[in-house]
Amino acid sequence: MLKEIYSPAFMDDGKIREPIPFKSGLNTVLGSSNAKSSIGKTTFLWAIDFAFGGNDYVQKNDDMINNVEPHFIYFVFEFSGKPYYFARSTDDYMFVY
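Procedures and definitions
- Residues numbered from 1 in each chain as written.
- Predicted model: local features only at pLDDT ≥ 70, side-chain atom pairs only at ≥ 80, totals over all residues.
- Heavy atoms only, no water.
- Salt bridge = Lys/Arg side-chain N within 4 Å of Asp/Glu carboxyl O.
- Buried < 20%, exposed > 50% of the residue type's maximum accessible area, 1.4 Å probe, protein only.
- Phe/Tyr/Trp six-rings, centres within 6.5 Å; stacked < 30°, edge-to-face > 60°.
- Helix = DSSP H or I, 4+ residues; strand = E, 2+ residues; numbered from the N terminus.
- Core = buried A, V, L, I, M, F, W, Y, C linked by side-chain atoms within 4.5 Å.
- Contact = heavy atoms within 4.5 Å.
- Expected span 1.5 Å × (residues − 1).
- Pairing = 2+ DSSP bridges.

Novice: Please clarify how the pattern of salt bridges should be interpreted in this entry.
Specialist: Opposite charge on two side chains lets them pair, provided their charged atoms get close. Scanning the entire structure with this criterion turns up one salt bridge. Salt-bridge contacts for K60 lead to D56; the nearest nitrogen and oxygen are separated by 3.9 Å. Owing to a relative accessible area of 53%, K60 belongs among the exposed residues under this scheme. With a relative accessible area of 24%, D56 lands in the partly exposed category.

Novice: Can you walk me through the packing of aromatic side chains in this structure?
Specialist: To describe a pair of aromatic rings, one takes the distance between the centres and the angle between the planes. Tallied over the full model, the rule gives 13 aromatic pairs. Summarising the aromatic geometry, the rings of F10 and F44 are spaced 6.1 Å apart at their centres and angled 75° between planes, so their arrangement reads as edge-to-face. Taken together, the residues span a long stretch of sequence, with F10 in the loop between β1 (2-6) and β2 (11-12) and F44 in helix α1 (residues 40-51) at a distance of 34 residues. What makes F44 buried here is its relative accessible area of 16%. Ring centres 5.7 Å apart and planes at 25° place the aromatic pair F72 and Y74 in the stacked group. Classification of F72 as partly exposed rests on a relative accessible area of 29%. In this structure Y74 comes out as partly exposed when scored by relative accessible area, which is 38%. In textbook terms, an aromatic cluster arises when at least three aromatic residues are bridged by ring pairs, as seen for F52, F75, F77, F79, Y84 and F86.

Novice: In this structure, what is going on with the nonpolar core? I would like to understand it.
Specialist: Note on soluble globular proteins: their nonpolar side chains tend to be buried together. If you look at the biggest cluster of nonpolar residues, it comprises 16 residues, and the most contacted ones within it are I5, F10, F44, Y57, I73 and F75. At the level of secondary structure, the elements contributing two or more residues to this core comprise β1, α1, α2 (56-59) and β5 (72-79). Per-element accounting of this core gives the leading share, five residues, to α1. Setting aside residues up to four positions removed in sequence, F44 forms contacts with I5, F10, I20, F22 and V29.

Novice: Would you explain α1 in this entry?
Specialist: Because an α-helix packs 3.6 residues into every turn, residues spaced three or four apart end up facing the same way. A rise of 1.5 Å per residue sets the reference length of α1, with its twelve residues, at 16 Å; its end C-alpha atoms lie 17 Å apart and thus fit the reference within 8%. Packing partners of the buried residues in α1 comprise β1, β4 (20-21), α2, β5 and β6 (82-89). Trailing α1 by a residue or two, G53 shows a phi angle of about 105°, which is positive.

Novice: Please clarify how the side chain of S89 should be interpreted in this entry.
Specialist: Assignment of secondary structure puts S89 in strand β6. Discounting chain neighbours no more than four positions away, the residues touching S89 are F50, H71 and F72.

Novice: Just checking my understanding: could you explain the pairing of β6 for this structure?
Specialist: The side chains of a regular strand alternate between both faces of the sheet. When β5 meets β6, the two strands line up antiparallel, connected through eight bridges. Its bridge partner being in β6, F77 is matched across the sheet by Y84. Where β5 hands over to β6, the hairpin turn is made up of two residues, of which S80 adopts a positive phi near 50°.

As C-alpha cells, this is what we get:
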C-alpha cells in the first residue's frame, strides 16, 4: 500500500509541501480553495502513478517539464506492516532508487 509521497517540487503557496500521507481505504484529491490553478490535481495523480511505475508524469506533463527543474519523487510503500522507501527522478525515470 502506498503510505506517503513527497517531492521538493510539490509546492503550496510558494513553499515546499510536507510529505503527503495516505490512509487505508479511500483517499481524495481536492483542488485548492481559491481555484487559482486547474493543473494540480492531475499532476498529483500522475505523481502517484509515477510511484507505481508509470511514466505519464514525465512523458505527458509538458507544463511540469517546461516549468519545474528535474527533481525526485520519494514514496513509501508498506508491505506486511513494514515500510519500504523508494525514489524516482524525472531525469532518469526508468530507474527506481
